[in-house]
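Below, each chain spelled out in residue letters.
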Amino acid sequence: MSTMDVPSEAESEIPASQPRTRKPAVPGMTWMTLALMTTASVASLRSAPTMAVYGLACVFLYVVPAIVFLMPTALVSAELASGWNGGVYRWVSEGLSKPLGFLAVWCQFAMTIFYYPSLLAYVAGTIAYVIDPSLAGNGVYTAIVIMVLYWTGVWVSSRGTKAVAGLSSLGLIIGTLIPGTVLVVLGFVFLGQGNGSAAPMTAGHLLPQWTGLASLVLIVNNFLSYSGMEMNAVHVSSLKNPAREYPRSMFLAMGLVLLIFILPALAISWVVPADQLSLTAGVMQAFDAFFSYFHIGWLTPVVAVALVAAALGGMLTWLAGPSKGLLLISREEGYLPPFLQKLNKNGIQQNILVTQGVVTTAIALMYALIPDVSSAYWIFSVITTQVYLIVYLLMFAAAIRLRRTRPDHPRGYRAPALVPLCVLGLLASLAALVIGFVPSSQFGGGSVWSYIALVGGGLVVLGLLVPYLFLRLRKPNWRTPAGQDGAAADGGA
């Protein structure tokens with residue numbers, strides 16, 4: 001999610017009859033500006049340790065999903081955004097049905113329930129390098145940090161602080177671009193001084209070692225790294241020549257994103273042996289190793305603070321985004337019970353955030369129960385991916401149907417070979433969904449059936465069963481007309 005740092009798509013999940021509150025397209029935008037905006041929405045250092053374990057093979061593991069998933073997502077979502085306002089909910093509702101539109105926006109919201117624990121586990125591992133590096137692998141410590149930071153975020157968000165939105169953009173610079181550049185430069189200097197790489201860098205290691213289906217799971221995890229390319233598709237109509245400039249913009253963004261993902265992962269693999277690498281604290285392990293080598297260890301806590309600030313800024317912006325989109329749609333269509341639709345005095349959907357926090361707390365406790373923090377981190381990353389893939393399956397299916405049933409509907413951009421692109425995206429997403437049930441080496445020596453139960457349970461219960469129950473049990477009086485907004489806000493928790 002990477003993508004998870006800028007919730008512009010979530011902000012746009014608003015029914016057509018509601019006032020437009022999402023950001024309007026930037027007038028006269030250049031294709032270069034759009035490319036940089038998209039890069040900012042997707043790029044992150046958080047996934048680097050996961051792929052650094054595989055050394056030079058991380059290039060392959062990033063490039064394959066970029067071709068079969070990233071490119072179809074970017075081009076198809078551009079056509080949908082240029083024809084229909086309202087984001088994924090509107091696209092799927094128009095193309096398939098309103099209940100499936102609700103399923104799409106629900107999954108977009110639900111995946112954050114697993115995203116927050118994995119993001120905050122990364123934060124906990126980073127903070128550990130300021131306090132005591134040995135804490136990075138301590139499950140109880142990780143669980144405590146997750147709970148404290150999440151509930152603090154809920155408290156801040158419930159105050160309706162407008163300044164929170166700016167933290168995400170600032171986070172890209174101080175928590176991704178600057179640290180990422182420093183990490184890569186230090187890595188090249190380290191190798192340039194004659195030091196050997198901890199991971200083999202020969203052509204024979206360009207492909208990951210084949211261990212059966214478990215090898216394919218590595219590619220699956222990278223699907224989530226790329227999710228979010230659809231966020232800025234709403235700006236396609238701002239380009240002077242969308243048909244020519246949008247593909248150019250997306251290919252540039254794809255190249256920049258690949259560089260930001262691949263180079264830091266390689267730099268980590270040069271200095272930290274794979275068998276010593278933590279999936280939650282790997283970035284700090286690499287910085288600590290480089291800073292110690294160059295005798296500038298005092299910079300370790302400085303970088304840690306920058307990474308933590310960026311991650312927390314992303315979390316705060318995402319706390320308000322997806323839940324707000326879900327709230328607006330549910331009030332119009334009556335998808336959620338009145339308790340979850342109520343607003344507090346600041347107009348914030350506090351009841352949704354608190355309910356989500358109860359589930360997040362339960363998930364955080366699993367870090368204390370699962371002996372290996374890296375295994376827990378991997379499990380929750382996979383569940384997050386599984387739930388979010390449902391959104392893309394519905395999006396690609398809706399795009400095919402809309403092109404066939406409403407071919408004359410005005411579109412500012414038409415994706416070339418849309419049906420083959422959608423089929424490629426559907427097959428890749430479906431394959432990723434299935435392969436996600438196969439444990440990789442990251443899971444350690446745990447039970448295969450326990451892994452399948454955890455991943456399958458998270459996907460079925462949160463991604464399918466809960467939205468089905470909401471749809472099945474909803475009542476006409478769950479709808480909240482726009483005129484009752486003030487009353488609902490007054491009665492909120």
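The model shown is predicted, which means the values in this text are computed figures rather than measured ones.

Focus: the overall build of the protein chain
Logical step 1: Each helix and strand in the protein chain was counted, giving 18 helices and zero strands.
Logical step 2: Expressed as a percentage of its 493 residues, the buried residues of the protein chain come to 58%.
Logical step 3: Taken as a whole, the protein chain presents about 18700 Å² of accessible surface, with 69% of it coming from carbon and sulfur.

What to know about the side chain of Glu 79
Logical step 1: On the secondary structure map, Glu 79 appears in helix H4 (residues 58-83).
Logical step 2: On the accessibility criterion, Glu 79 (2% relative accessible area) is buried.
Logical step 3: For Glu 79, the residues in contact, after removing those within four places along its chain, are Arg 403, Arg 411, Tyr 413, Arg 414, Ala 415 and Leu 418.

Considerations on the confidence of the model for the protein chain
Low pLDDT means the predicted coordinates in that region are not meant to be read closely.
Logical step 1: Overall, the predicted model of the protein chain reaches an average pLDDT of 78, with 81% of residues at or above 70.
Logical step 2: Taken element by element, the protein chain is modelled with least confidence in helix H1 (residues 8-11), mean pLDDT 40, and with most confidence in helix H16 (residues 418-435), mean pLDDT 90.
Logical step 3: For the stretch residues 1-24, pLDDT sits under 50, and the model shows 91 contacts to residues farther than four places along the chain or on other chains.

Considerations on helix H7 (residues 139-158)
Logical step 1: Counted at 1.5 Å a residue, the expected span for H7 with its 20 residues is 28 Å, and the 29 Å between its end C-alpha atoms agrees.
Logical step 2: The residue sitting at the N-terminus of H7 and contributing the capping side-chain oxygen is Asn 138; that oxygen lies 3.0 Å from the backbone nitrogen of Val 140.

Points about the side chain of Ser 77
Logical step 1: Tracing the sequence through the fold places Ser 77 in helix H4.
Logical step 2: Within polar-contact distance, the side chain of Ser 77 engages the backbone oxygen of Ala 74 at 3.2 Å.

Re the packing of H4 against helix H10 (residues 242-271)
Logical step 1: Viewed as axis vectors pointing N to C, H4 and H10 meet at an angle of 155°, and their least axial separation amounts to 10 Å. As far as their axial angle goes, H10 and H4 are roughly antiparallel. The chirality of how H4 crosses H10 is right-handed. Between H4 and H10, the contacting residues are Cys 58, Val 59, Tyr 62, Val 63, Ala 66, Leu 70, Met 71, Ala 74, Leu 75, Ser 77 and Ala 78 on the first element and Tyr 246, Pro 247, Met 250, Phe 251, Met 254, Leu 258, Phe 261, Ile 262, Ala 265 and Leu 266 on the second.
Logical step 2: For the contact of H4 with H10, the per-class residue count stands at 20 nonpolar, one polar and no charged.

Topic: the pattern of salt bridges
Logical step 1: One pass over the structure, following the stated rule, counts five salt bridges.
Logical step 2: Residues Glu 79 and Arg 403 are paired through a salt bridge, measuring 2.6 Å at the closest nitrogen-oxygen approach. Taken together, the positions of Glu 79 in helix H4 and Arg 403 in helix H15 (residues 373-405) put the pair 324 residues apart, joining distant regions of the chain.
Logical step 3: Among the charged side chains, a network of salt bridges with common partners joins Glu 79, Arg 403 and Arg 411.

Examining the environment of Leu 473
Logical step 1: Mapped onto the elements of the fold, Leu 473 is located in helix H17 (residues 448-473).
Logical step 2: Residue classification places Leu 473 among the exposed residues on the basis of a relative accessible area of 53%.
Logical step 3: C-alpha of Leu 473 to C-alpha of Leu 336: the two residues are 137 residues apart in sequence and 9.3 Å apart in space.

So, the packing of aromatic side chains
Logical step 1: For the coordinates displayed, the defined rule picks out 15 aromatic pairs.
Logical step 2: An angle of 10° between the planes, with centres 5.2 Å apart, marks the rings of Tyr 62 and Phe 261 as stacked. With a gap of 199 residues between them, Tyr 62 in helix H4 and Phe 261 in helix H10 connect regions that are remote in the sequence.
Logical step 3: The buried category is assigned to Tyr 62, whose relative accessible area is 0%.
Logical step 4: With a centroid separation of 5.5 Å and 65° between ring planes, the pair formed by Trp 106 and Phe 470 is classed as edge-to-face. Residue Trp 106 is found in helix H6 (residues 98-131), and its partner Phe 470 is found in helix H17; the two are separated by 364 residues along the sequence. Exposure class is identical for Trp 106 and Phe 470. Each is buried.
Logical step 5: Through a chain of ring-to-ring contacts, three or more aromatic side chains come together here, namely Phe 102, Trp 106, Phe 109, Tyr 335 and Phe 470.
Logical step 6: Over the face of the ring belonging to Trp 31 we find Arg 248, whose NZ or CZ atom lies 5.2 Å from the ring centre.

About the thresholds
Residues numbered from 1 in each chain as written. Predicted model: local features only at pLDDT ≥ 70, side-chain atom pairs only at ≥ 80, totals over all residues. Heavy atoms only, no water. Helix = DSSP H or I, 4+ residues; strand = E, 2+ residues; numbered from the N terminus. Buried < 20%, exposed > 50% of the residue type's maximum accessible area, 1.4 Å probe, protein only. Areas by Shrake-Rupley, 256 points an atom, 1.4 Å probe, with all protein chains shown as cover. Contact = heavy atoms within 4.5 Å. pLDDT = per-residue confidence, 0-100. Expected span 1.5 Å × (residues − 1). Polar contact = N/O pair within 3.5 Å; in protein donor to acceptor, adjacent residues only side chain to side chain. Axes fitted to C-alpha atoms, helices over the stretch in contact; angles between N-to-C directions. Parallel < 35°, antiparallel > 145°, perpendicular 65-115°, else oblique. Left-handed = near helix turned anticlockwise from the far one by under 90°. Nonpolar A, V, L, I, M, F, W, Y, C, P; charged D, E, K, R; others polar. Salt bridge = Lys/Arg side-chain N within 4 Å of Asp/Glu carboxyl O. Phe/Tyr/Trp six-rings, centres within 6.5 Å; stacked < 30°, edge-to-face > 60°. Lys NZ or Arg CZ within 6 Å of the ring centre and 35° of its normal.

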